Amino acid sequence: MSYKFTVNGEGVDIDAAGVTPLLSVLREDLGLTAAKLGCGEGRCGACTVLLNDRPVAACVVPLEAVADGAVRTAESLASGDAPLTQVQEELLSAGGVQCGACTPGMMMTLTALTEQQGEWTEDSVRAALTGNICRCTGYHKIVDAAMRCVTAEGGSR
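Residues numbered from 1 in each chain as written. Predicted model: local features only at pLDDT ≥ 70, side-chain atom pairs only at ≥ 80, totals over all residues. Heavy atoms only, no water.

Annotation of the protein chain at the domain level lists domain 1 (2-74) and domain 2 (86-152). Relative placement of domain 1 and domain 2: their C-alpha centres are 21 Å apart. Of the residues lining the interface, 14 residues belong to domain 1; the matching set on domain 2 comes to 12 residues. In this assembly, domain 1 packs against domain 2 so that about 990 Å² is buried in total across both faces, 59% of it on carbon and sulfur atoms. (Domains from an automatic or database assignment. Contact = heavy atoms within 4.5 Å. Buried area = accessible area lost by both parts, 1.4 Å probe.)

Put into structure tokens, the structure is as follows:
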């Protein structure tokens, strides 16, 4: 069956079984490799992408659930010569990146967080990051970066 949706603002039409994991389509069919296969069970967050502006584990989202939707991957964030996004800047500034396995998923979760309205606290940021496991940083620097993003003067809130 054929499924149409957008990925990083570009329309795609994928001919595959509806139960095919979105992560497989992104990596194998579209060559977008930022989202990583970690646990394959939707628990680690390495494969986090935004589906209609909400973080999801792409390893457990079936292709049929994406039909007519909008997917954003870490490739949609600044790359190459483009300026870094606020999330990328703050993660680098705070030292919230190490081995890189979780970084794309963390960036997408934090991007969704910074695009939401709300009064964010350290506890609510930690709760938002519950679906993303990081084995290197201990989360403190990632939470610091997130707090800088959501409280930045003129930034997203």
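From this point, the narrative continues.
Once that is clear, we can look at the packing of helix H3 (residues 103-115) against helix H5 (residues 140-151). Two numbers describe how H3 lies on H5: the axes approach to 10 Å, and their chain directions differ by 30 degrees. When the axis of H3 is compared with that of H5, the two are roughly parallel. For the pair H3 and H5, the sense of crossing is right-handed. Facing H3, whose interface residues are Met 106, Leu 110, Leu 113 and Thr 114, H5 presents Ile 142, Ala 146, Cys 149 and Val 150. Looking at side-chain class alone, the contact of H3 with H5 contains seven nonpolar, one polar and no charged residues. (Axes fitted to C-alpha atoms, helices over the stretch in contact; angles between N-to-C directions. Helix = DSSP H or I, 4+ residues; strand = E, 2+ residues; numbered from the N terminus. Parallel < 35°, antiparallel > 145°, perpendicular 65-115°, else oblique. Left-handed = near helix turned anticlockwise from the far one by under 90°. Nonpolar A, V, L, I, M, F, W, Y, C, P; charged D, E, K, R; others polar.)

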